[in-house]
Amino acid sequence: MDEMSRRDIPDESQFGDLSDFFRIFGDQTRLRILYVLAKNELCVCDLAKLLGASQSAVSHQLQVLRSHRLVKYRREGKTVFYSLDDGHIFSILDIGIKHLEE
């Protein structure tokens, strides 16, 4: 095994950011939103209907996800459509699900 030095370990602020990032995945509603958005771009009303949640609850969670750059949005007239910010988010979900299935 190669020797590891302190220089090879990310600094505490990076681990703090990583901890905050993974904390976002600790909520079932947010996970369900991310999973659905990995398959389809949807508006709040369709997300709420699909998940059986209120539009205000879904909007709140989308705001949290947006603030952490996990989802992005585009506006079409008065309707706002949400999707995953990038493919990494789906990869993280997929790896987690596969791990649990083993």
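This text follows the structure it describes.
In this report, we go over the structure that sits alongside the text. In this text, all values refer to a predicted model and were calculated from it rather than measured experimentally. (Residues numbered from 1 in each chain as written. Predicted model: local features only at pLDDT ≥ 70, side-chain atom pairs only at ≥ 80, totals over all residues. Heavy atoms only, no water.)

## Section: the packing of helix α3 (residues 44-51) against helix α4 (residues 55-67)
It is the contact of α3 with α4, at a shortest axis distance of 9 Å, that shows an interaxial angle of 110°. The angle between the axes of α3 and α4 places the two elements in the roughly perpendicular class. The handedness of the crossing between α3 and α4 comes out as right-handed. Here α3 contributes V44, C45, L47 and A48 to the contact with α4, which in turn contributes Q55, V58, S59 and L62. In terms of residue class, the contact of α3 with α4 is made up of six nonpolar, two polar and no charged. (Axes fitted to C-alpha atoms, helices over the stretch in contact; angles between N-to-C directions. Helix = DSSP H or I, 4+ residues; strand = E, 2+ residues; numbered from the N terminus. Parallel < 35°, antiparallel > 145°, perpendicular 65-115°, else oblique. Left-handed = near helix turned anticlockwise from the far one by under 90°. Contact = heavy atoms within 4.5 Å. Nonpolar A, V, L, I, M, F, W, Y, C, P; charged D, E, K, R; others polar.)

## Comments concerning the packing of aromatic side chains
Following the criterion strictly, the structure yields four aromatic pairs and no others. Judged by centre distance (5.3 Å) and plane angle (70°), the rings of F21 and F25 are edge-to-face. Ring geometry for Y73 versus Y82: centroids 6.2 Å apart, planes at 45°, classification tilted. One aromatic cluster is present, formed by F21, F22 and F25 through successive ring pairs. (Phe/Tyr/Trp six-rings, centres within 6.5 Å; stacked < 30°, edge-to-face > 60°.)

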